[in-house]
Amino acid sequence: MTEDKKSLFIEGKEVEFTNEPNLLEVIRKAGMNVPTFCYRPDLTSFGACRMCVVEVEYPNGRKMINSSCTMPPEAGIKVKLNTEKTRRIRKTVLQLLLANHDRKCLTCERSGNCELQQYAEEYGITDIPYAEKDDFLPVDHSSPSIVRDANKCILCGACVRACSEYQHSVLGFANRGSKTLVQPMNGKPLANSECVNCGQCAAVCPTGALTINSQIEKVWKEITNPEKKVVVQFAPSVRVAIGEMFGLEPGVNSTEKINAALRAIGFDLVFDTNFSADLTIMEEAAEFVERVKSGKNLPLFTSCCPAWVRYLELEHPDMKEHLSTCKSPQGMMGAIIREYVPKYYEDITPENLVSVSIMPCTAKKYEATREQFKMENGKQEIDYVLTTQELGKMIKSAGIDFKNIEGQPADTPFGKYTGAGTIFGVSGGVAEAAARTAYNMVTGEELKDVVINDMRGTHRVKTVELDLKGTKIKVKIVNTLKEAEKCLREIKEGKADYQLLEVMACPGGCINGGGQPLSHNDSNIKEERAQGLYTDDATGQWRKSHENPEIIDLYKNHLEKPNSHKAHELLHTSYSDKRKDCYISAGE
Amino acid sequence: MSGSNTAIDFRAIDKILEKYEYKKSYLIAMLQAVQEIYKYLPEDAMTYIGEKVDELSPATVYGVATFYAQFSLEPKGKYEIKVCDGTACHVRGSMPVLNAIRNKLDLKEGKLTSDDGLFSLETVSCLGACGLAPVVMINDKVHPQMTSDAISIILDTLLSEERGQ
């Protein structure tokens, strides 16, 4: 046996391991599993819940119980997963957690996909020998994106780690012992906190303590109202993830199935946010070329990620001039639907039009409520935002056989898209799409090799140099706000040599957004979703935003050219200093 | 936005942060220095530290402040009353003394500071004066062998002094 290839024994079976960070990963690699609440492969190990305990026997005969998520694998050890002792420990943990838990499971948002519920069932917890608590803490419904219910928190700390390792530690542990709580500073409502609504806390929460603020019932009410015409758009990343809720593999492209399912639910018109991603590229590439020429407010920051935009408005309002003035694809489609759908469809009027979007993202719910997206009549351009998870629930409740539904195309004239639009969903995709069109704008020629491999991959930081026939451009691509913060400091210190900064707040980009189907214990799922988008790009009819025939028509018939007066009116937005609205401005 | 009614001198907090080089490993020392000034930790001061020090956030500072019993998040009264509830004081009747103080100052369960801001009350685990049990400290003065009646008289004296002023 070589030095870097060692082995241990799991349930009598010899298993090789190399650089797995902990025993739990070795167990999973061997095709076995143990339960856990607090272990999340993309976050640091915490060892809080004690569900993953295993019995370990060392070569010298010493035996011990250890949590497999915090124990490094050692050569020669014999590991037993399900002994009388480990099962007893897990059962006790479950009973104690349930003793302190709000047991109103039937009406819980996470009923059916709650890990506590699942393990309680798997471990045959039919009886909790402790009295149910009767003092409940208030539930925080303040945020448009996230609901926080401390009564369902099991203190596994996954959300606290996600918030600190990806973003900027809005959630923290407070108090100690039996009074411990997970909350923002002094229990402030999330809406008034510095939370950017990314939803990664809810994505890692094993229970119903942090959930998505659902708008499903409001949307059903509009759909079932015969007076209303409900127009829907759905984002790039939704198509490669929703299938997971119906037994399809992650990354399978369900664009046409989604079109069909949305119509079956009762939406009147189905448009594709990929179309407006193409539109975003037209505007943003033009803006970028303009800024490079003038040299002002460089690097240009992408503005598609509402969590990132809010972060900048809160933490660095002095840098908001760097942000692209382009609305996000959701925002652009929202404006286009309001402006043009009543012109193309005579049964739809500004009064009966309801605009819904389906996003992989909880922050998009917040984005839709921004004051910049308020119309003259006081209503918001986009009425409701649903996440991929919520759409999955609607499809289920409508009794649609998603797996077997026959695909349909989207509606015209905002339903066609290019590969550039579809890769918006993955970190690096916006920059890659922009490069394809910027090349054309700068050189007047078409880029031949459209795939820029250095921009691909879900890792956190990528730096790419491009040569637009003599015009040298440097692009930095980061995901998570923790990495974005480092870039902002670089820029403030004058150390940044790039002209474009692409930021997505979620690790890997929108494909791993806070509204996507839950994938707690499999960090490969986001890679497969990313691959799904890249395949969609490679197999589509067009790969550059400026080749999209409907985009060409939109400019020809209505908008004239990118960054025209009309385009600015509809497709661009402004940013404001949000710091003073939040307690973080204390002392300023 | 202000989260508490104490006016905070943020320049004084800046000095504390400078002294500790804005390092998060000195957080407890920073909080102690803030508490030295205000006798408690005003919310805005915790937020300010969370924003100014790298790798800290308001929520993480609050987490540390609420973890340790040495930090108070409520303003302290002019007279800080500490009732010893160590083993010796407890068996010699510190609880009746504590209850007498609560009744006298109208401090219901959980409330630490009287409405007039004169008195704040806490229990401590041992003052190291077990021979004098039960012991009550009011600010820096130790009152030995307390009873409910004795503490009532002491509080009455303080109250009448306050009224006389």
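Cut-off values and rules
- Residues numbered from 1 in each chain as written.
- Chains lettered and ligands numbered in written order.
- Predicted model: local features only at pLDDT ≥ 70, side-chain atom pairs only at ≥ 80, totals over all residues.
- Heavy atoms only, no water.
- Helix = DSSP H or I, 4+ residues; strand = E, 2+ residues; numbered from the N terminus.
- Rg over C-alpha atoms; globule rule 2.2 N^0.38 Å.
- Buried < 20%, exposed > 50% of the residue type's maximum accessible area, 1.4 Å probe, protein only.
- Contact = heavy atoms within 4.5 Å.
- Lys, Arg positive; Asp, Glu negative; His and termini not counted.
- Charge placed at Lys NZ, Arg CZ, Asp CG, Glu CD.
- Patch = residues over 30% accessible without salt bridge, like charges linked within 9 Å, V, L, I, M, F, W, Y side chains within 5 Å.
- Areas by Shrake-Rupley, 256 points an atom, 1.4 Å probe, with all protein chains shown as cover.
- Salt bridge = Lys/Arg side-chain N within 4 Å of Asp/Glu carboxyl O.
- Pairing = 2+ DSSP bridges.
- Axes fitted to C-alpha atoms, helices over the stretch in contact; angles between N-to-C directions.
- Domains from an automatic or database assignment.
- Buried area = accessible area lost by both parts, 1.4 Å probe.
- Polar contact = N/O pair within 3.5 Å; in protein donor to acceptor, adjacent residues only side chain to side chain.
- Nonpolar A, V, L, I, M, F, W, Y, C, P; charged D, E, K, R; others polar.

(A) Representation of the overall build of chain A in the model. The number of helices and strands found in chain A is 18 helices and 17 strands. Since a compact globule built from 588 residues should have a radius of gyration of about 25 Å, the 25 Å found for chain A is in line with a globular shape. With the C-alpha coordinates aligned to their principal axes, the bounding extent of chain A is approximately 80 × 60 × 60 Å. The buried share of chain A, reckoned over its 588 residues, is 61%. Contacts spanning at least 24 positions in sequence make up 73% of the contacts within chain A whose residues lie at least 6 apart. In chain A, 74 positive and 81 negative side-chain charges are present, and the distance between their average locations comes to 4 Å.

(B) Representation of a negative patch on the surface within the structure. Residues and elements named next belong to chain A. Side chains of E249, D522, E527 and E528 sit close together on the surface and give a patch of like negative charge. Here E528 lies in helix 16 (residues 525–539). With a relative accessible area of 33%, E528 lands in the partly exposed category.

(C) Highlighting the sheet that holds strand 17 (residues 500–504) of chain A. Residue and element names in this part refer to chain A. Strand order in the open sheet formed by four strands is 12-17-16-15, and the pairing between neighbours is mixed. Pairing within the sheet leaves two strands with one partner each, and these edge strands are strand 12 (300–301) and strand 15 (461–468). Sheet topology note: the strand 12/strand 17 ladder contains two bridges and is parallel. Counted as the bridge partner of F301 is L501 from strand 17. Strand contacts of helix 15 (residues 481–492): strand 12, strand 15, strand 16 (471–479) and strand 17, with the helix running at about 140° to strand 16, the strand carrying the most contacts.

(D) Seen up close, the domain arrangement of chain A. Residue and element names in this part refer to chain A. As assigned here, chain A comprises domain 1 (6–82), domain 2 (92–212) and domain 3 (217–517 + 524–568). Tallying the contact residues gives 15 residues for domain 1 and 20 residues for domain 2. Considering only the surface of domain 1 that becomes buried against domain 2, F37, R40 and L43 emerge as the three largest contributors, covering 47% of it. Summed over the shared surface of domain 1 and domain 2, the number is one salt bridge. Our count for the domain 1 to domain 2 interface comes out at six residue pairs in polar contact (both at pLDDT 80 or more).

(E) Layout of the pattern of salt bridges. Evaluation of the coordinates by the stated rule reveals 54 salt bridges over all chains. A salt bridge links A:E445 to A:K469; the shortest N-O distance between them is 2.7 Å. Of this pair, A:E445 sits in the loop between helix 14 (429–443) and strand 15 while A:K469 sits in the loop between strand 15 and strand 16, and the two are 24 residues apart along the sequence. B:K23 is the salt-bridge partner of B:E21, the closest N and O atoms lying 3.1 Å from each other. Residue B:E21 is classed as exposed on the basis of its relative accessible area of 51%. One network of salt bridges, with partners in common, ties together A:E432, A:R436, A:R456, A:D537 and A:R543.

(F) Here's a closer look at the environment of A:I511. All names here are of chain A. Structurally, I511 can be placed in the loop between strand 17 and helix 16. In the structure, I511 is positioned 431 residues away from K80 in sequence and 36 Å away in space, judged by C-alpha atoms. Ignoring sequence-local partners within four residues, the contact set of I511 consists of S237, V240, G425, V426, T458, Q516, K526, R529, A530 and L533.

(G) How the structure looks around a nonpolar patch on the surface. Residues and elements named next belong to chain B. The grouping of I28, F67 and Y68 at the surface amounts to a nonpolar patch, some 240 Å² of accessible area in total. Here F67 shows up in helix 4 (residues 58–67). F67 sits in the partly exposed class, given a relative accessible area of 37%.

(H) View of the sheet that holds strand 1 (residues 6–10) of chain A. Residues and elements named next belong to chain A. Strand order in the open sheet formed by five strands is 2-1-5-3-4, and the pairing between neighbours is mixed. The sheet is open, and its two borders are formed by strand 2 (13–17) and strand 4 (63–67), each paired with just one other strand. Strand after strand, the sheet turns through a mean of 35° between neighbouring axes, direction not considered. Here strand 3 (residues 53–57) pairs with strand 4 via five bridges, running antiparallel. If you follow E57 over to strand 4, its bridge partner there is K63.

(I) Here's a closer look at the interface of chain A and chain B. The partner chain B presents 18 residues to the 26 residues of chain A that form the contact. Both sides of the chain A and chain B interface together cover about 1800 Å² of buried area, and 54% of this is carbon and sulfur. A per-residue breakdown of the area chain A buries against chain B is headed by A:R176, A:M185 and A:A586, which together make up 32% of the total. Across the chain A-chain B interface, the total number found is three salt bridges. Here B:D54 makes a salt bridge to A:R489, at a shortest N to O gap of 2.9 Å. At the surface where chain A touches chain B, the tally comes to eight residue pairs in polar contact (both at pLDDT 80 or more). Residue contributions to the side of chain A that touches chain B peak at three residues, all from strand 7 (residues 172–174) of chain A. Class assignment for the residues of the side of chain A that touches chain B results in 10 nonpolar, eight polar and eight charged.

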